[in-house]
Each structure stands twice: as structure tokens, then as C-alpha cells.
Amino acid sequence: MKTKFLVLFILLITSSIVIEAQGLLEDKNTFTRQDTLRGTITPERVWWDVTYYHLDIKVDPDNKYISGKNLVQYKVLKPHNVLQIDLQNPLEITKVTQNGKELKVKHDGNAHFITLKDKQVVGDINSLEVHYKGNPKVAKRAPWDGGFSWKKDDNGKHFVATSCQGLGASVWWPNKDHMYDEVDSMLISVNVPKGLSNVSNGRLRSIEEQDDNTVTSHWFVNNPINNYGVNVNIGDYVHFSEVFKGENGDLDLDYFVLRDNLEKAKEHFKDTPKMMKAFEHWFGPYPFYEDGFKLVEVPYLGMEHQSSITYGNKYMKGYLGNDLSKTGWGLKFDFIIIHEAGHEWFANNITYKDIADMWIHEGFTAYSEGLYLEYHYNKQAGDEYTVGKGKDIKNDRPIIGYYNVNKEGSGDMYNKGAYMIHTLRQLIEDDEKWRMILRGLNKTFYHQTVTTKQVEDYLSKTTGIDLTEFFNQYLRDVRIPTLEYEIKNNVLKFRYTNIIENFDMPIKIHINGSEQWLFPKAEWQTMSTKADDIKIDDNFLVYSSKL
Ligand SMILES: [Zn+2]
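Described in the following lines is the structure provided in the data block. For every chain, the first residue of its written sequence is number 1, and the numbers climb from 1 along that sequence. Local features in this predicted model are restricted to residues of pLDDT 70 or higher, and side-chain atom pairs are both shown and tallied only at a pLDDT of 80 or more, whereas totals for entire chains, interfaces and linings draw on every residue. No hydrogens and no water enter the side-chain calculation; it runs on all heavy atoms of the structure.

1. Notes on the coordination of the zinc ion
- Water is not part of the atom set, so a site may look incomplete; the donors themselves are N, O and S atoms within 2.8 Å of the metal, or 3.2 Å for Na, K and Ca. For the zinc ion, every protein donor is listed as H339 (NE2), H343 (NE2), E362 (OE) and E362 (OE), and the spread of their distances is 2.0 to 2.7 Å.
- Around the zinc ion sit 4 donor atoms; with metal-centred angles ranging over 52 to 156 degrees, the donor geometry is irregular.
- Along the chain, the residues donating to the zinc ion fall in the pattern H-x3-H-x18-E. Of this pair, H339 sits in helix α6 (residues 335-342) while E362 is found in helix α7 (residues 359-376), placing the two residues 23 residues apart along the sequence. A four-donor site is classed as tetrahedral when every donor-metal-donor angle falls between 85 and 135 degrees; four donors are called square planar, and six octahedral, when trans pairs exceed 155 degrees and all remaining angles lie between 65 and 115, with any other arrangement labelled irregular. In DSSP terms, a helix is any run of H or I states spanning at least four residues, a strand is any run of E spanning at least two, and both are numbered starting from the N terminus.

Laid out in C-alpha cells, this is it:
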């Protein structure tokens with residue numbers, strides 16, 4: 001796209017002021033102090049960098065009750081003596097200690113401000129223990145409205161799982177509940193009644209039998225992990241596994257399913273190595289070899305819990321048996337295995353700093369489903385699937401949500417996000433370059449938390465195209481660019497409507513049985529043609545309107 005720098009600059013400033021103002025308005029009217037405490041990098045968060053958690057809890061399914069503690073280890077970045085820990089009602093903090101001394105805690109809703117007694121010296125690694133207990137929020141509609149799901153399997157045994165994206169991990173354990181700061185490693189110890197087992201993230205270190213008819217499993221995560229990625233899954237699990245020969249060597253694929261589903265799962269989970277093969281091709285090595293990859297059956301649809309993808313798609317193809325693209329391609333794979341595992345690259349490897357930028361997780365992952373098809377079938381399969389899902393776009397709100405108040409944007413972040421990324425690929429016209437850009441994205445932002453701006457800048461740089469208006473149009477505006485045209489006396493007259501200023505993305509059209517590029521702008525242009533009509537190539541997210 002051509003750039004007129006000065007105009008662009010002024011427009012950028014103007015449009016960002018408008019967006020900002022809308023945000024502030026919404027902020028003032030609908031967001032609360034609690035939203036700000038949850039969504040902002042507060043002064044009580046910014047001064048310390050979380051380095052390690054040891055979450056050590058007892059789960060009592062009969063009473064839907066949990067209790068235990070989290071050891072929070074951190075590096076001091078700036079001198080300060082008040083530290084914010086988040087834990088949501090009705091769970092309660094019973095005690096906080098540092099170096100054996102009990103500390104004073106000031107509660108402000110779900111945020112808890114701990115006054116430290118010991119001097120916090122820059123560069124020091126310190127730790128504190130947060131003890132807590134209670135009946136955690138029960139998930140209303142997991143995983144979207146999450147918390148604890150307390151269910152039973154067909155044999156009447158407890159089947160329990162957590163899910164908490166958006167809501168936040170502080171719905172079930174005390175932590176620094178903001179996405180910008182990922183813990184470097186974590187030990188998860190979970191005590192459950194005998195006869196059940198717990199599967200969390202990372203690798204199983206050990207299982208301890210206790211005297212009180214319970215067992216404790218210790219899972220260690222050897223990589224940075226975001227808070228909502230941490231999970232416990234408790235059930236009457238059986239286990240099987242295989243080794244995947246991947247780009248970085250042998251990768252353990254471990255499967256945990258309910259006892260009665262073992263045979264079904266052995267057949268159905270054959271999509272897993274196929275997924276790994278396709279995604280390593282497109283995105284680069286699986287980002288967590290040290291922690292292995294697990295698929296864990298749960299009593300809800302599924303979630304991208306890092307290195308322990310949870311699965312509840314009832315052993316069906318598609319999305320609970322449905323093809324979201326309505327093209328037939330969506331029934332070629334199990335949606336939950338492919339989609340949730342795609343998040344290992346876009347969500348777990350590259351993670352949003354603020355949930356307002358959630359499209360980075362969902363747009364790329366929704367797009368990855370088409371790439372899976374392209375790898376195992378052909379390019380047309382992937383194209384048709386992504387375009388098919390694009391029929392579902394609502395254009396209700398911008399894809400980017402509100403910053404600093406833990407508020408995501410429109411659900412269009414999935415299918416419109418995917419279609420937007422697919423459109424960008426068309427502009428590059430070089431599939432191998434595109435694949436290298438996707439792999440480079442995962443390398444450049446390896447194990448990092450990022451903003452939309454960082455992703456935009458990376459894509460502008462690597463594609464060699466200034467994508468400023470492209471992203472402003474699709475992520476920050478609700479309108480879909482529309483090609484308005486008429487054909488009269490062998491002349492095609494065309495222009496863009498529904499665009500932000502300076503949006504001038506070229507598109508491919510089909511005309512007289514051949515393909516050609518068109519360079520529409522807001523102003524009318526003409527070209528001579530013998531054709532009666534034109535058609536915009538389906539791979540571009542642009543609508544048309546013939547006058
Ligand atoms: Zn997703």
C-alpha cells in the first residue's frame with residue numbers, strides 16, 4: 001500500500017484519539033475500580049517480577065472445597081514494600097508470611113495488598129507464602145464462564161476440572177493475575193482422594209500416597225506459563241502415549257482419558273500427531289518440548305492449557321459434530337484437538353499482554369485450522385474453510401477490546417481475525433515467504449507476552465508492506481471495506497466505501513475468466529472492459545456492491 005506519510009501521521013493521531021476517547025467513555029460508564037485493579041499493571045505489581053510459583057493444594061470434591069497455599073517467588077525490580085496478590089471471592093486468604101513473619105493484608109475486593117516487613121533490595125530473589133481456602137466459584141458455562149467444574153463420570157466417579165480464561169486464574173488460586181508477567185517455572189502439587197488422579201501442566205515428577213486415603217501428584221512446568229494456562233484435572237484417568245519425531249527431536253505425546261473411553265481415544269486421538277506435523281511445518285517447533293504435550297479429557301468443551309490441552313469434544317469430528325465452515329472441510333478433523341493445540345503457538349508461546357489483544361490468540365489459531373487442512377489436503381481446502389467460516393462475521397464491535405480493564409473485543413476476533421490474516425497472505429503472493437513469516441513470528445516472540453502493536457510492526461517489517469491502515473481497518477473499525485462499482489458502455493467504474501481514510505488495499509478480481517489486480521481507493525477510478533461483471537476473489541475480506 002502506498003503511504004502519504006504526513007497525511008497518514010495526522011490520521012493516525014486523529015483516529016487513535018477517537019479510539020482512546022471511546023475507550024475512556026466506556027471505561028467511565030461501565031468499568032469498575034475492580035476492573036482496573038485486575039486489568040492494570042498497578043504500582044503494587046510493577047516493582048516485582050514473578051520467577052516461580054509452587055501451588056500446593058488439596059481438592060475435596062465431596063465438599064467442592066479447596067485449601068492450601070501458593071509460594072510466590074519474585075525478583076525485586078524497584079524498591080517498594082506493598083505487593084498485590086489477586087484471589088477472587090468467595091475464596092479467602094487466611095495468612096501471608098515472608099521469612100517466617102506473618103504479614104498484614106489489606107483487602108480491596110479481589111485484590112489484596114500485602115505490606116512487607118523485610119527491606120526489598122533491587123535484584124534480590126524473595127518469596128512469600130499465601131495460604132487460602134474456600135469453595136471456589138463454580139463454572140457456569142465452562143470454559144467461557146469458568147471456575148471449577150465439579151462433575152461425575154458415567155461410573156459415578158468425580159470428574160473435576162478448572163478453566164479460567166478472561167475471568168482469571170485468581171478465581172481458584174492466589175497469584176499475580178495480570179498477563180504481562182509470566183512465571184518462569186512452576187510446581188503444581190495437588191492432593192485428591194485415592195482412586196482419582198490429577199493431571200496438571202508440565203511433567204509428572206512424583207506421586208505420593210498419604211495416610212489419609214489421599215494421593216498427591218507433583219507436576220513441574222519447566223517453561224514460562226500464563227496464569228490461565230495453569231489447570232487441574234481430576235478424574236478416574238487412564239493413560240497412553242506415543243513419541244512424535246519432531247523438529248526438535250523426540251516429543252512425548254501423552255493422553256489422559258476416562259477409563260471407559262480408552263479404546264475410543266486411541267483411535268480418535270490419531271489427529272494429534274497429524275496436528276503436530278502440520279503446525280511444526282507452519283509455525284516452527286512445538287514451543288514446550290521439555291514439558292511434553294498432553295491431551296486431557298475434561299467435562300467441558302476444551303481449553304488451551306499449556307502442554308495439557310483439555311479435551312471435551314465427545315470424540316466427534318468438527319465442533320461437537322458440526323462443520324463451522326459449512327464447506328465439508330470442517331468434518332475432516334476434531335476441532336478441539338486442532339484448535340486448542342494451535343494455541344500452543346498463539347496463546348502459550350506468543351501471549352497477549354492485555355486481553356484487549358486477544359485476537360493474537362484467537363485470530364491466528366482460527367487461521368491455523370485452515371493451515372492444518374492445507375497441509376494434509378491442499379491449499380483449496382484451507383482457503384474454502386477459512387472463507388467459509390468468514391460468513392459468520394458479525395461486525396458488531398472492533399476486534400480489539402479495552403485496555404487496562406481486562407476486557408476483550410468482539411467475538412469476530414476468531415473468524416474475522418482469521419480471514420484478515422488470510423487476506424494478508426494474498427497480498428504477499430509468496431507462500432514460502434508467508435510460512436517463514438509465521439515461523440519467524442514464533443521465533444521473534446518466543447515465550448513472550450506481546451501487544452498488537454508489536455505484532456503489527458513485525459508483520460509490516462517482514463512483509464515489506466506498511467500495514468498501518470490494514471490493521472486499523474480490520475482490528476479497530478467494524479466496517480468491512482466494500483468495492484462499489486458499475487459497468488456501463490465498456491467502462492468499469494470503481495471505488496472503496498466503508499473504509500478508514502487512506503485505506504487502499506489492492507484486491508484480486510476475476511474478470512472475463514482471468515485474474516487481475518485492482519487498486520481501489522476512496523475516489524472513483526475507471527478502466528475499460530468488455531466484461532459484464534466482475535467478482536472479487538473470495539480470499540479477500542472485501543465486500544462488493546454493484547450499482
Ligand atoms: Zn481458541
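2. Let's talk about the pairing of strand β17 (residues 249-258)
- With 7 of 10 residues buried, β17 lies mostly within the body of the structure.
- Here, strands pair whenever DSSP counts at least two bridges between them. Pairing analysis gives 10 bridges linking strand β16 (residues 237-246) to β17, with the strands arranged antiparallel. Within the sheet, the bridge partner assigned to F244 lies in β17 and is L251.
- Counted between consecutive antiparallel strands, the loop separating β16 from β17 contains 2 residues. Buried residues are those whose accessible area, probed at 1.4 Å on protein chains only, stays under 20% of the maximum for their type, while exposed residues exceed 50% and partly exposed ones sit between those limits.

3. Describing empty space enclosed by the protein
- In the cavity and pocket records, a cavity denotes points on a 1 Å grid over the protein atoms alone where a 1.4 Å probe fits but cannot get out, a pocket denotes an open set with protein on both sides within 12 Å along at least 5 of 7 lines, and lining residues are residues with an atom within 4 Å of a point. Grid points are joined across faces, edges and corners, and a volume is the space filled by probe spheres set on the points. For the structure shown, the criterion picks out 2 cavities of 30 Å³ or more.
- Taken as a whole, the largest cavity holds about 120 Å³ of empty space.
- Forming the boundary of the largest cavity are 15 residues, of which R38, M179, Y352, I355 and N406 lie nearest the centre.
- Taken as a whole, the second largest cavity encloses approximately 30 Å³ of empty space.
- Lining the second largest cavity, in full, are Y367, G370, L371, E374, G382, D383, T386, H422 and R425.
- Elements supplying a minimum of two residues to the lining of the second largest cavity: α7, α8 (379-389) and α9 (415-428).
- Residue contributions to the lining of the second largest cavity peak at 4 residues, all from α7.
- Each residue gets one label: Ala, Val, Leu, Ile, Met, Phe, Trp, Tyr, Cys and Pro are nonpolar, Asp, Glu, Lys and Arg are charged, and the others, such as Gly, are polar. Here the lining of the second largest cavity is composed, by residue class, of 2 nonpolar, 4 polar and 3 charged.

4. Notes on the packing of α9 against helix α10 (residues 431-444)
- Between α9 and α10, the least distance of the axes is 9 Å, while the angle of their chain directions is 130 degrees. By the angle between their axes, α9 is oblique relative to α10. Between α9 and α10 lies a crossing of right-handed hand. Together, I421, L424, R425 and I428 of α9 and D431, K433, W434 and I437 of α10 make up the contact between the two elements.
- Its residues assigned to classes, the contact of α9 with α10 comprises 5 nonpolar, no polar and 3 charged. To obtain an axis, a line is fitted to C-alpha atoms, over the contacting stretch when the element is a helix, and the angle between two such axes runs from 0 to 180 degrees between their N-to-C directions. Oblique is the label for any angle not under 35 degrees, not over 145, and not in the 65 to 115 range, which are roughly parallel, roughly antiparallel and roughly perpendicular in turn. Take the far helix as the reference: if the near one is turned anticlockwise from it by less than a right angle, the crossing is left-handed, and if turned clockwise, right-handed. We call two residues in contact when some of their heavy atoms are within 4.5 Å.

5. Quick notes on unusual backbone geometry
- Cis geometry is found at the peptide bond from N89 to P90, where omega equals 5 degrees.
- Take P90: it is sitting in the loop between β3 (82-86) and β4 (92-98).
- Here A142 and P143 are connected by a cis peptide whose omega angle stands at 0 degrees.
- Tracing the backbone shows P143 in the loop between β8 (125-134) and β9 (147-152).
- Phi angles above zero are rare outside glycine, and K326 is one such case at about 55 degrees.
- Tracing the backbone through its elements, the reader meets K326 in the loop between β20 (309-311) and α6.
- Its relative accessible area of 73% is what places K326 among the exposed residues.
- Even without being glycine, N498 reaches a positive phi, approximately 60 degrees.

6. Overview of the sheet that holds β16
- Read from one edge of the open sheet, 5 strands run β16-β17-β18-β20-β19, paired in mixed fashion. Looking at the sheet topology across the chains shown, the edges are occupied by β16 and β19 (302-303).
- For β19 and β20, the ladder comprises 2 bridges, and the chain directions are antiparallel. Bridging from a neighbouring strand, M303 pairs with T310 of β20.
- In the packing of α6 onto the sheet, the strands contacted are β18 (293-297), β19 and β20, and the crossing angle to β20 comes to about 160 degrees.

7. Considering the environment of D396
- By the element assignment, D396 lies in the loop between α8 and α9.
- On the basis of relative accessible area, D396 is assigned to the partly exposed category, the value being 44%.
- With 278 residues separating them in the primary sequence, D396 and D118 have C-alpha atoms 51 Å apart.
- In this structure D396 touches S410, D412 and V478, once residues within four positions along its chain are discounted.
- Think of a polar contact as two N or O atoms within 3.5 Å of one another; within protein, one of them needs to be a possible hydrogen donor and the other a possible acceptor, and neighboring residues in sequence only count if both atoms come from side chains. A polar contact is formed between the side chain of D396 and the side chain of S410, at a distance of 2.7 Å.

8. Details of the packing of aromatic side chains
- Within 6.5 Å between ring centres, the rings of Phe, Tyr and Trp (the latter by its six-membered ring) count as paired, and their orientation is classed by plane angle as stacked under 30 degrees, edge-to-face over 60, tilted in between. Tallied over the entire structure, the rule returns 38 aromatic pairs.
- Ring centres of Y319 and F335 lie 5.2 Å apart, and the angle between their planes is 70 degrees; on these two criteria the pair is classed as edge-to-face. Of the two residues, Y319 is situated in the loop between β20 and α6 and F335 in helix α6; the sequence distance between them amounts to 16 residues.
- Overall, Y319 belongs to the partly exposed group, its relative accessible area being 23%.
- On the accessibility criterion, F335 (9% relative accessible area) is buried.
- Relative to F503, the ring of Y474 lies with its centre 6.1 Å away and its plane at 80 degrees, an arrangement referred to as edge-to-face. With a gap of 29 residues between them, Y474 in helix α12 (residues 468-476) and F503 in the loop between β24 (491-497) and β25 (507-511) connect regions that are remote in the sequence.
- What makes Y474 buried here is its relative accessible area of 0%.
- Residue classification places F503 among the buried positions, given a relative accessible area of 1%.
- Two conditions define a charge located above a ring, namely a distance within 6 Å from the ring centre to NZ of Lys or CZ of Arg, and an angle within 35 degrees of the ring normal. Across the ring face of F240, the terminal group of K266 is positioned such that the distance to the ring centre comes to 6.0 Å.
- Over the face of the ring belonging to W524 we find K493, whose NZ or CZ atom lies 4.6 Å from the ring centre.

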